[in-house]
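Each chain, letter by letter, is given below.
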Amino acid sequence: MLKLTPILLAIMYALAMYHFSVWRTKRELDAKSTELADPRLKALTDRLAVALNLDRIRVHIYEIDPVNGLAAPDGRIFITRGFYRKYQNGEVSGEELASVIAHELGHVALGHTRRRMIDFSGQNALRTALAMVLSRFLPGVGVLIANAVTTMLAARLSRGDEYEADAYAAALLHKAGIGIGPQKSLFHKLDALTLSRSGVVPAWLMSHPKTSERIAALEKLESRWSNLPAVD
């Protein structure tokens, strides 16, 4: 029984962290967000809604400066104030911002948002359990190994989710008549943002696949769709 104690403690810790993370995220977003009211963007999100057979798609502005989009565990879609400001300044088009919204809708539709909360909790539990076990054999080094293993696992899971959400967004944008072009052009701009910071990658991009690889994946989709026989 004593041998199982670290694992049982890790499971209890994971459950506690999951519930705390959901509560803290909801509280933060509720306190720092308002529903987006922009006629041009609404016209674009209405096209996405029609493609999904929905009445409307609500988008919220999250009042922080970093350029990002996110999907909450409860299914709400957010664009940061920093991203919306880029749109207002003409640095990002409405169609490009719509591609971000479509991407976040993909995370919701594919169950990534809830799974990420569970994964986050599970990774913390795994890190704790590994650290406890490895530290018995490798004092001082076990914690470092546990951190490295869980970080690599988290990055791999996150990148897989991003490719899936990209593909979902591409299909949705295609169906809505917006096309994949804005999605690809936005990726090019994000890459330029990285270079403008002297090669320092923005924190929210560190867990994402390389821009060139994401564009290549989209182009494969385009090629596949263009080769499909026409439907009468």
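Refer to the structure presented above.
Residues numbered from 1 in each chain as written. Predicted model: local features only at pLDDT ≥ 70, side-chain atom pairs only at ≥ 80, totals over all residues. Heavy atoms only, no water.

What's the story with helix α2 (residues 39-51) in this structure? I'm lost.
In an α-helix, one turn spans 3.6 residues, which is why side chains three or four residues apart end up on the same side. In a regular helix each residue adds 1.5 Å, so 13 residues correspond to 18 Å; α2 covers 19 Å between its end C-alpha atoms and thus fits that length. Those residues of α2 lying buried are L41, L44, T45, L48, A49 and A51. Across the axial projection of α2, the buried residues extend over an arc of 160°, all falling on one side. Counted as exposed and oriented over 90 degrees from the buried face of α2: P39 and V50. Residue N53 follows α2 closely and has a positive phi angle near 60°. (Helix = DSSP H or I, 4+ residues; strand = E, 2+ residues; numbered from the N terminus. Expected span 1.5 Å × (residues − 1). Buried < 20%, exposed > 50% of the residue type's maximum accessible area, 1.4 Å probe, protein only. Arc of directions from axis to C-beta.)

What exactly am I supposed to notice about the pairing of strand β2 (residues 59-62) here?
The two faces of a sheet get side chains in turn, since along a regular strand they alternate between them. Judged by which residues are buried, β2 turns out to be covered on both faces: V59 and I61 on one side and H60 and Y62 on the other are all buried. When strand β1 (residues 33-35) meets β2, the two strands line up antiparallel, connected through three bridges. Pairing of S33 across the sheet is with Y62, part of β2. Where β2 lies against strand β4 (residues 77-80), four bridges are found, and the strand directions are parallel. Bridging across to β4, H60 finds its partner in F78. (Pairing = 2+ DSSP bridges.)

Looking at this structure, I do not really get the nonpolar core. What am I missing?
A general trend in soluble globular proteins is that nonpolar side chains are found buried together. Membership of the largest hydrophobic core comes to 36 residues, with the highest contact counts inside it found for L48, I79, F83, Y84 and I101. Secondary-structure elements contributing two or more residues to this core are α2, β2, β4, α3 (81-88), α4 (94-109), α6 (142-175), α7 (181-196) and α8 (211-226). In terms of residues, this core owes the most to one element, α4, which gives six residues. Beyond its immediate sequence surroundings of up to four residues, L48 is in contact with I57, A98, I101, A102, L105, L172, L173, A176 and I178. (Core = buried A, V, L, I, M, F, W, Y, C linked by side-chain atoms within 4.5 Å. Contact = heavy atoms within 4.5 Å.)

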